[in-house]
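Summary of the model geometry
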Amino acid sequence: GSRPWVAQAECDLARVLGDEPRARDLAAAALATARELGLDGLAERAQDALRTAARIARPARRRTASSIDEMAATIDSETPAQLDPSEAVPVTLLFSDIEGSTELNERLGDEHWLAVLEEHNAIVRTAVAAHGGREVKSQGDGFMLAFARPADGLACAVAMQRAFAERDAAGAACPVRVRMGLHSGPAIQRGGDYFGRNVVVAARIAAQARGGQILVSEEVRAAAGAPVAEPRELTLKGLEGRQRVHAVAWDVSCAGTPSRAV
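What you see is a predicted model; the values in this text were computed from it and never measured. (Residues numbered from 1 in each chain as written. Predicted model: local features only at pLDDT ≥ 70, side-chain atom pairs only at ≥ 80, totals over all residues. Heavy atoms only, no water.)

What to know about the overall build of the chain
Within the chain one finds nine helices and eight strands. Within the chain, the proportion of its 262 residues that are buried is 48%. In the chain, of all internal contacts separated by at least 6 residues, the share reaching a separation of at least 24 is 70%. Summing over all exposed atoms, the chain offers an accessible surface of approximately 12,500 Å²; the carbon and sulfur share of this is 53%. (Helix = DSSP H or I, 4+ residues; strand = E, 2+ residues; numbered from the N terminus. Buried < 20%, exposed > 50% of the residue type's maximum accessible area, 1.4 Å probe, protein only. Contact = heavy atoms within 4.5 Å. Areas by Shrake-Rupley, 256 points an atom, 1.4 Å probe, with all protein chains shown as cover.)

Structural notes on the side chain of Gln161
The residue Gln161 is located in helix H7 (residues 150-169) in this model. The exposure class of Gln161 is buried, given its relative accessible area of 2%. Reaching out from Gln161, the side chain makes a polar contact with the backbone oxygen of Gln213 at a distance of 3.4 Å. Once residues within four sequence positions are removed from consideration, Gln161 is found in contact with Val178, Met180, Gly212, Gln213, Ile214 and Trp250. (Polar contact = N/O pair within 3.5 Å; in protein donor to acceptor, adjacent residues only side chain to side chain.)

Quick look at the environment of Ala206
By secondary structure assignment, the location of Ala206 is in helix H8 (residues 197-207). The sequence separation of Ala206 and Phe95 amounts to 111 residues, and the corresponding C-alpha distance is 5.9 Å. Setting aside residues up to four positions removed in sequence, Ala206 forms contacts with Ile68, Phe95, Arg179, Met180 and Gly181.

Digging into helix H2 (residues 22-37)
Think of an α-helix as 3.6 residues a turn; residues three or four steps apart then line up on the same face. Relative to the 22 Å expected for 16 residues at 1.5 Å per residue, H2 spans 23 Å between its end C-alpha atoms, a close match to the ideal helical length. Restricting attention to buried positions, one finds in H2 the residues Ala23, Arg24, Asp25, Leu26, Ala27, Ala28, Ala29, Ala30, Leu31, Thr33 and Ala34. Once H2 finishes, Gly38 follows within two positions and takes phi at roughly 75°, a positive value. (Expected span 1.5 Å × (residues − 1).)

Remarks on the side chain of Ser217
Tracing the sequence through the fold places Ser217 in strand E6 (residues 214-217). You can call Ser217 buried: its relative accessible area is 0%. In this structure the side chain of Ser217 is engaged in a polar contact, spanning 2.8 Å, whose partner is the side chain of His183.

A closer look at the packing of helix H1 (residues 3-17) against H2
Where H1 meets H2, the axes come as close as 8 Å, and the angle between the chain directions of the two elements is 150°. Classed by the angle they form, the pair H1 and H2 counts as roughly antiparallel. In this structure, H1 crosses over H2, and the sense of that crossing is left-handed. In this structure, H1 uses Arg3, Pro4, Ala7, Glu10, Cys11, Leu13, Ala14 and Leu17 to contact H2, whose residues at the interface are Arg22, Ala23, Leu26, Ala27, Ala29, Ala30, Thr33, Glu36 and Leu37. (Axes fitted to C-alpha atoms, helices over the stretch in contact; angles between N-to-C directions. Parallel < 35°, antiparallel > 145°, perpendicular 65-115°, else oblique. Left-handed = near helix turned anticlockwise from the far one by under 90°.)

Looking at the pairing of strand E2 (residues 134-139)
When E2 meets strand E3 (residues 142-147), the two strands line up antiparallel, connected through five bridges. Looking at E3, one finds that Gln139 is bridged to Gly142. Linking E2 back to E3 in an antiparallel pair, the connection comprises two residues, with Gly140 at a positive phi of about 60°. (Pairing = 2+ DSSP bridges.)

Describing the nonpolar core
By size, the foremost hydrophobic cluster in this structure holds 30 residues, and its most contacted members are Leu94, Leu145, Met160, Phe164, Met180 and Ile214. For this core, the element with the most residues is helix H6 (residues 110-130), which contributes seven residues. Once you skip the residues sitting within four places of it in the chain, Leu94 turns out to touch Phe143, Met144, Leu145, Phe147, Gly153, Ala157, Met160, Met180, Gly181 and Leu182. (Core = buried A, V, L, I, M, F, W, Y, C linked by side-chain atoms within 4.5 Å.)

In C-alpha cells, the structure reads:
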C-alpha cells in the first residue's frame, strides 16, 4: 500500500534535484509505478519531471562512455573504506545497457529518446520482477541487477533479450540492441548495494558484450547449465589475469529454454 506514496516522493524529489543525474532515474521509477497502478495524475507529473530532467541534462549527452562503463567507474569511488571479506554473500549480478545509446539520443532527440527509454526500462523491470531479481541501481539506460541464483539471473537476461527482439520484430520505430553480462560470486552487501571484485568482473564482462548478446562468466555457465558458444578468454579492464566468458544462446523463436547462440 505504500507504493503510491513512494512513487509520489520519487517524483517530488526528481523535481527538486533538477540537474542532478539521479533526477531522471527517480522520475522514470515514479512513472513506471504510476502507470502500473493506473495513477494517471501522478504519471503525468512524473512524465513532466522526466522531460524537465532530460532537457536540463542535455549537454551531458555528449559523453563517450557507456552506461555500464560509468557504473563500473563509480564502483571503486563509492566503495566503503572498510570492507570485511567475511561479510560477503553469494550473488549473481547482471549489468546491461543499450548499445550506441548516446548516438540514438542525438539522432532521436530528447522526446523520442525518452519514449524509447521508457519502453526499455519497462521491459527490464518486468523481467526482473518475474524472475525474483532486484534492481540495485540504474544510470541512464544501464542497469545493475542482483539475483540469489545464477539460473534466475540467466533466465531474466534471456527473457529480456527475447522481449526486445519481439518488440523490434513487431515494427518498433526505433529498434534497440541491448548488451548484457552476468557473473556469480561473493560480494559485500551494504545498504542495498554490492561491492568487491566480483561486482567489477560482472560489469566488465557486460562491457565486452555486443548489442543483442548475453555474456556470462564460467561461474554462471557452470551453475546455470546454459547452452553457450565456444568460450573466449578476455582481459578485463582493471583486473589481473584473463576471464573465460561464454555467449549464451537465447533464440527468440524457441518457446522454452534458450536454443542457439547469436
